[in-house]
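Commentary on secondary and tertiary structure
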Amino acid sequence: MARGRGRILPSPVWTPDFACGHPTIDDEHLGLLVALRGIFSGMESGQPFDTLVSATDALLARCRAHFTNEEVLLRGIGYPKVIQHSQSHQSLLSKLSEIRNDFARGPEESLEQIASRLHDLVVLHLLREDRDYFPYLLTSKGGE
Ligand SMILES: [Fe+2]
Ligand SMILES: [Fe+2]
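Small disclaimer: the values here were computed from a predicted structure and weren't measured.

All right, on to the overall build of the protein chain then. Along the protein chain, the regular secondary structure elements total 4 helices and 0 strands. From first element to last, N terminus to C terminus, the protein chain shows the α and β order α-α-α-α. Along the three orthogonal principal directions, the C-alpha set of the protein chain runs to about 50 × 25 × 20 Å. Within the protein chain, buried positions represent 19% of all 144 residues.

Dropping the structure here:
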């Protein structure tokens, strides 16, 4: 497979849409976007798949740590959909592990397709599901 030339993969950047106003959560979300960009730039520059596996393992670890912190926070503020949100995190981790294993095997899909899956998995969670709890955070003292 020709790799590393002329690819335009997603490059998720921080915008106000991602901001919930809680410094730890915003930092962690920014860290997820930076980690994603690192994987995409590695794909574009033709890094070997074992490097992409390591980068995806690092993203997985970052997601696990963030999800744990986020779920503690959501319980603390009494977010009513915390169980569904936790299930969504587990599903995301499982799908991210599949992508990690795709890199480990040598993917059958194009890198553009994998990048699109990876982007949607993380970015759409932040912009859709996480944004659902933002109003609860802003009206709760537990958000500090
Ligand atoms: Fe979340
Ligand atoms: Fe989150």
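On to the nonpolar core, then. Of all hydrophobic cores here, the largest spans 15 residues; its most connected members are Leu36, Ile39, Leu59 and Leu118. Contributions of two or more residues to this core are made by helix 1 (23–44), helix 2 (49–76), helix 3 (82–105) and helix 4 (111–138). For Leu59, the contacting residues outside a window of four places in its chain are Ala35, Leu36, Ile39 and Leu96. By size, the runner-up hydrophobic cluster in this structure holds 7 residues, among which are Cys20, Ile25, Leu74 and Tyr133.

The next thing to look at is the environment of Ile99. Inspection of the secondary structure assignment puts Ile99 in helix 3. Take Ile99: there are 22 C-beta atoms within 10 Å of it, and that puts it in the buried class. Taking C-alpha positions, Ile99 is 37 Å from Thr139, a pair spaced 40 residues apart along the chain. Filtering out sequence-adjacent residues up to four positions away, Ile99 remains in contact with Thr56, Ile114, Arg117 and Leu118.

What follows deals with helix 2. Across its 28 residues, helix 2 extends 40 Å between first and last C-alpha, which sits within 8% of the 40 Å expected from 1.5 Å per residue. Those residues of helix 2 not exposed but buried are Leu52, Ala55, Thr56, Leu59, Cys63, Glu70, Leu73 and Leu74. In this structure, the buried side of helix 2 is in contact with helix 1, helix 3 and helix 4. Trailing helix 2 by a residue or two, Gly78 shows a phi angle of about 70°, which is positive.

Here the focus is the environment of Leu9. Within the secondary structure layout, Leu9 lies in the segment before helix 1. C-alpha of Leu9 to C-alpha of Ser41: the two residues are 32 residues apart in sequence and 7.8 Å apart in space. Among all residues touching Leu9, those that are not within four sequence positions of it are Phe40, Met43, Glu44, Glu112 and Ala115.

Next up on the list: the environment of Cys20. Positionally, Cys20 belongs in the segment before helix 1. The class of Cys20 is buried, set by 20 C-beta atoms lying within 10 Å. Once you skip the residues sitting within four places of it in the chain, Cys20 turns out to touch Ile25, Asp26, Phe134 and Leu137.

What counts, and at which threshold
Residues numbered from 1 in each chain as written. Chains lettered and ligands numbered in written order. Predicted model: local features only at pLDDT ≥ 70, side-chain atom pairs only at ≥ 80, totals over all residues. Helix = DSSP H or I, 4+ residues; strand = E, 2+ residues; numbered from the N terminus. Buried ≥ 20, exposed ≤ 12 C-beta atoms within 10 Å, placed from the backbone. Core = buried A, V, L, I, M, F, W, Y, C linked by C-beta atoms within 7 Å. Contact = placed C-beta atoms within 7 Å. Expected span 1.5 Å × (residues − 1).

As far as function goes, none of this settles anything; it's purely spatial.
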